[in-house]
Amino acid sequence: MSADPFIRIQIRSKPLVLFSSSPPPKPKPKPVLLSKRALAKTLLVDCSNLRKRQTTTMEDENTGPFRRTSSRTRKMATKMSAALANTDNRTQAALARLEALESDNAGPEVLEVNDDEYDSMDDDDQVYAQKKQAKGTKRKTRQAKALENAKKAPRSFMEVLNEANLESLPPHVPSYLRAAVGPPTAASRRHFCTVCGNIANYTCVRCGVRFCSCRCQVIHNDTRCLKFIA
Amino acid sequence: MGMERSSVVVLDNGGGILKAGFGGETDPVAVVPNCIGRPPSSKKWLVGDQLQADDADVTGVSLRRPIDRGYLINPEVQREVWDRVFRSLLNLEDLSQSSLLLVEPLFNPPSLQRSADELVFEEFGFGSLCVADSPSLVHLYEASRAQGPAVASLVVDCGFSFTHAAPVMQNLTLNYGVKRMDLGGKALTNYLKELVSYRSLNVMDETLLIDHAKEQLCFVSLDLQHDLRLSRKSGKENILKCTYVLPDGVTHTKGFVKDLNEARRYLSLPDGTTNCTTDLASKMGEMGGQGDTDKAEDRRKVDLTQNEFVLTNERFLVPEMLFQPVDLGMNQAGLAECIVRAVNSCHPYLHPVLFQNIILTGGSTLFPRFAQRLERELRPLVLDAYEVKITCQENPILGVWRGGSLLASSPEFESMCVTKAEYEEIGSVRCRRRFFH
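Residues numbered from 1 in each chain as written. Chains lettered and ligands numbered in written order. Predicted model: local features only at pLDDT ≥ 70, side-chain atom pairs only at ≥ 80, totals over all residues. Heavy atoms only, no water.

This next bit is on the packing of helix α4 (residues 185-199) of chain B against helix α5 (residues 207-217) of chain B. All names here are of chain B. Put simply, α4 and α5 touch, their axes get as near as 9 Å, and they point 100 degrees apart. Considering their axes alone, α4 and α5 lie roughly perpendicular with respect to each other. Contact residues: α4 offers G185, L188, T189, L192 and K193, while α5 offers T207, I210, D211 and K214. Looking at the contact of α4 with α5 residue by residue, the class counts come to 3 nonpolar, 3 polar and 3 charged. (Axes fitted to C-alpha atoms, helices over the stretch in contact; angles between N-to-C directions. Helix = DSSP H or I, 4+ residues; strand = E, 2+ residues; numbered from the N terminus. Parallel < 35°, antiparallel > 145°, perpendicular 65-115°, else oblique. Contact = heavy atoms within 4.5 Å. Nonpolar A, V, L, I, M, F, W, Y, C, P; charged D, E, K, R; others polar.)

Next comes the structure, spelled out in structure tokens:
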């Protein structure tokens, strides 16, 4: 990312106001799945354009007399562009899937504080109960709560790994990072249908998962297309 | 009481299963899951083997593991498990008289080594400690059982958190040649959970049950296309289909496979080289048919009230992940290539020796036909002049522990340990230097 807080991007299209120059209402620190439906739709429409224009230089300003381009440069917050530039929703979903392979518990863990009174309740009820309890006891600020949670939670292995600072070792010393077997020589992969598991040749247009036949496509569209995306 | 037990406690601190016992014996006393779990309806945390008890309700248990990605990062949880193992299962009262042989993973970061040392010496108060790593122990055990002298071997350890291919020479692991895949039993179970949740019931919380289903039902396919075509067939011709019943708390407390004969029908498959459907039909008539058509009808209907799910191609797609992680989207080489890269990073004179002595260990190698498939994948990648010979350990889960037991009963063990007094005097870092890794 460049030093200035805004990345200037030339948007070559009809002057749609895609992004207002004011920062978005909820800037998130890391690129997570964007929840705003409109934004997601415009992403899908204009992603291909944007991906070509990630550089900060102004290239392709004049490509012929018939092409009407808007040479107005639009400013965009770095966080937004980070969210867009890095991955789109499909690859983010794929990465989240891979990370979930390493997790111990699938769902959110229940806090121990509420165990005494609320033993078997759904997640929604428990959130409500937590809120009620918070009002009764002394209100902690969000920062204090976050600090407490950070202290209580044990460090994950990735944090320990970063602390160990293995890159600074000389190259002849074997370490955890160097022991990792790298990317494969043949990077071609087989795709499996998400509905039935056979070899899948076709992709869903909306969400990008694979299916093998029309029957599986119908099932996919009925039950789970875009369930986690939009 | 007659039998004098040696005072060495051998502890294999695995990510999935913890094996503990006394040095010099053939089998460990305690083989328990290395985690604590809390059923959703109670407040009490069940530790280790309490989760395996017959009356434990394992549905929806939320687990907490002390080991993340193979390394011990949560000493508090580990202390609970060790407490239970040492006091209740091994019946050890006074730990200061015993020494501990701890098996740790390779490339343990110094901060974790320090916290493990603290746990051993300051919380439990062992008399002395010796740390070993799993490939050298496996090599020691296999060398003692083999006829000729085994100078070097390549130990492939497919464990819970990851898979290592480690060359070992004369009881010393060559750690510049170790290659690691970040896939293990945990990832396989999670993948199976994802597949089942996508296609039938939502089982994302049932780690222990799906673990059991994976161990009973999954196998490695030798010819993926052929098996996929088989799994597409319907009805009785589909010999790969089988059902797993989840416990409902009333009639059964543990999950089980609905019909074991049905689950074993795939064994009649030839080795995938020929496509003989007529042979299969005749064999099926012998094994899984069981005569009655009524029974077959019942079996085919999935009883949704009984909380069961059907597995067809997930049975072989899950272990397939170890051989080709690219299929999942992970940018990692498969097991065969991992082995080749590990061997290639050693001296060229060692290559033929290593390929001749490949030892498979670790729980994830227990899938049927694992060795066959690995040899089939490995043979094209190795020079023709070298011979490829793969040996499976007879008990891959206990293999490392048995090697530790052998080491503990050897006469030089006492000189390899670090006593508590030395630890308190010179500290953890310098003590660790004695252990060569």
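Turning to the pattern of salt bridges, a few remarks are in order. All told, the structure shown has 17 salt bridges over all chains when counted by the stated rule. Across the pair D83 of chain B and R87 of chain B runs a salt bridge whose closest N-O atoms are separated by 3.1 Å. Of this pair, D83 of chain B and R87 of chain B both sit in helix α1 (residues 75-89), separated by 4 residues, roughly a single helical turn. R87 of chain B gets classed as partly exposed once you look at its relative accessible area, which sits at 36%. For R199 of chain B, the salt bridge identified is with E314 of chain B, shortest N-O distance 2.9 Å. Of this pair, R199 of chain B sits in helix α4 while E314 of chain B sits in helix α10 (residues 314-323), and the two are 115 residues apart along the sequence. Each of R190 of chain A together with E320, D327, R373 and E377 of chain B takes part in a single network of salt bridges with overlapping partners. (Salt bridge = Lys/Arg side-chain N within 4 Å of Asp/Glu carboxyl O. Buried < 20%, exposed > 50% of the residue type's maximum accessible area, 1.4 Å probe, protein only.)

So, on to the sheet that holds strand β17 (residues 308-311) of chain B. The 3 strands lie next to each other as β16-β15-β17 (chain B), forming an open sheet whose pairing is antiparallel. At either end of the open sheet lies a strand with only one pairing partner, and these are β16 (256-257) and β17 of chain B. (Pairing = 2+ DSSP bridges.)

Attention now moves to the interface of chain B and chain A. Taken residue by residue, the interface counts 56 residues in chain B and 47 residues in chain A. Both faces considered, chain B and chain A share a buried interface measuring about 4,800 Å² in area, 50% of it formed by carbon and sulfur atoms. Its largest share of buried area at the contact with chain A, chain B owes to R69, R180 and Y198 of chain B, together 14% of the area lost on that side. Counting the contacts that link chain B with chain A gives 3 salt bridges. Note that E320 of chain B is salt-bridged to R190 of chain A, the shortest N-O span being 2.9 Å. Counting across the interface, chain B meets chain A through 17 residue pairs in polar contact (both at pLDDT 80 or more). Elements with a minimum of two residues in the side of chain B that touches chain A: β6 (62-64), α2 (110-124), β14 (179-181), α4, α6 (224-232), α10 and α11 (335-344) of chain B. Along the lines of polarity and charge, the residues of the side of chain B that touches chain A split into 23 nonpolar, 14 polar and 19 charged. (Buried area = accessible area lost by both parts, 1.4 Å probe. Polar contact = N/O pair within 3.5 Å; in protein donor to acceptor, adjacent residues only side chain to side chain.)

Honestly, that's just the spatial picture; any functional story needs more than this.
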